[in-house]
Amino acid sequence: MLYLVTILICLTALTQCQIPDINAVAADAFKQVDTDADGYIVRGELNHYFATYDLNHDGRVSRQEYTNHILDNYGHDPQLRHLLHSLYDGLDVNNDHHLDNVDYNRAFTVADHNGDNLVTPAEFTRWFSDGVQAAAAGLK
């Protein structure tokens, strides 16, 4: 589920909806989310990342805010948009059409495979790979 974060960071590689070297993309994405560069992602870093999409600062990312961000930053490729909306839907665990702390916490919990409240690069890569492949399969 947390795959949304990494896909959004690395959209350039997905403009043709082909999966690049997942490990390389995950490593780059990890660095973007790991804002203090300590080698771990904590919940606060994930929440901070999602806050950049929350244009009206209500603590939630609506589908419209998300779509606007995608269109403004990555263009209008229909396949890419479909992939990214699939990722959004995957993150929206309570199906309320908004991403908020419930969704972020669930994504973090899934990514934190060993349950130590730190997402390592290996955990992130595993989670990222699973998420990208699941979203890409939805396009077929």
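By the naming in an unreviewed UniProt entry, the protein goes by EF-hand domain-containing protein and is assigned to Lymnaea stagnalis.

### Brief notes about helix 6 (residues 101-111)
Of the positions making up helix 6, those classed as buried are Asp103, Tyr104, Ala107, Phe108 and Ala111. Down the axis of helix 6, the buried side of the element spans an arc of 135 degrees, and every buried residue falls inside it.

### Notes on helix 3 (residues 43-51)
Glu45, Leu46, Tyr49 and Phe50 are the residues of helix 3 that are buried. Down the axis of helix 3, the buried set is contained in an arc of 135 degrees. They therefore lie on one face.

### Quick notes on the packing of aromatic side chains
Think of a pair of aromatic rings as described by two things: how far the centres are apart, and how the planes are tilted against each other in angle. Inspection of every chain in the model, using the stated rule, returns 7 aromatic pairs. Here the aromatic rings of phenylalanine 30 and phenylalanine 124 are separated by 5.5 Å at their centres, their planes lie at 75 degrees, and the arrangement is edge-to-face. With a gap of 94 residues between them, phenylalanine 30 in helix 2 (residues 22-33) and phenylalanine 124 in helix 7 (residues 121-137) connect regions that are remote in the sequence. Across the pair, exposure class does not vary: phenylalanine 30 and phenylalanine 124 are buried alike. Taken together, a centroid distance of 4.2 Å and an interplanar angle of 5 degrees make the contact between phenylalanine 50 and tyrosine 104 stacked. Of the two residues, phenylalanine 50 is situated in helix 3 and tyrosine 104 in helix 6; the sequence distance between them amounts to 54 residues. Here phenylalanine 50 and tyrosine 104 have matching classes, each one buried.

The rules behind the values
Residues numbered from 1 in each chain as written. Predicted model: local features only at pLDDT ≥ 70, side-chain atom pairs only at ≥ 80, totals over all residues. Heavy atoms only, no water. Buried < 20%, exposed > 50% of the residue type's maximum accessible area, 1.4 Å probe, protein only. Helix = DSSP H or I, 4+ residues; strand = E, 2+ residues; numbered from the N terminus. Arc of directions from axis to C-beta. Phe/Tyr/Trp six-rings, centres within 6.5 Å; stacked < 30°, edge-to-face > 60°.

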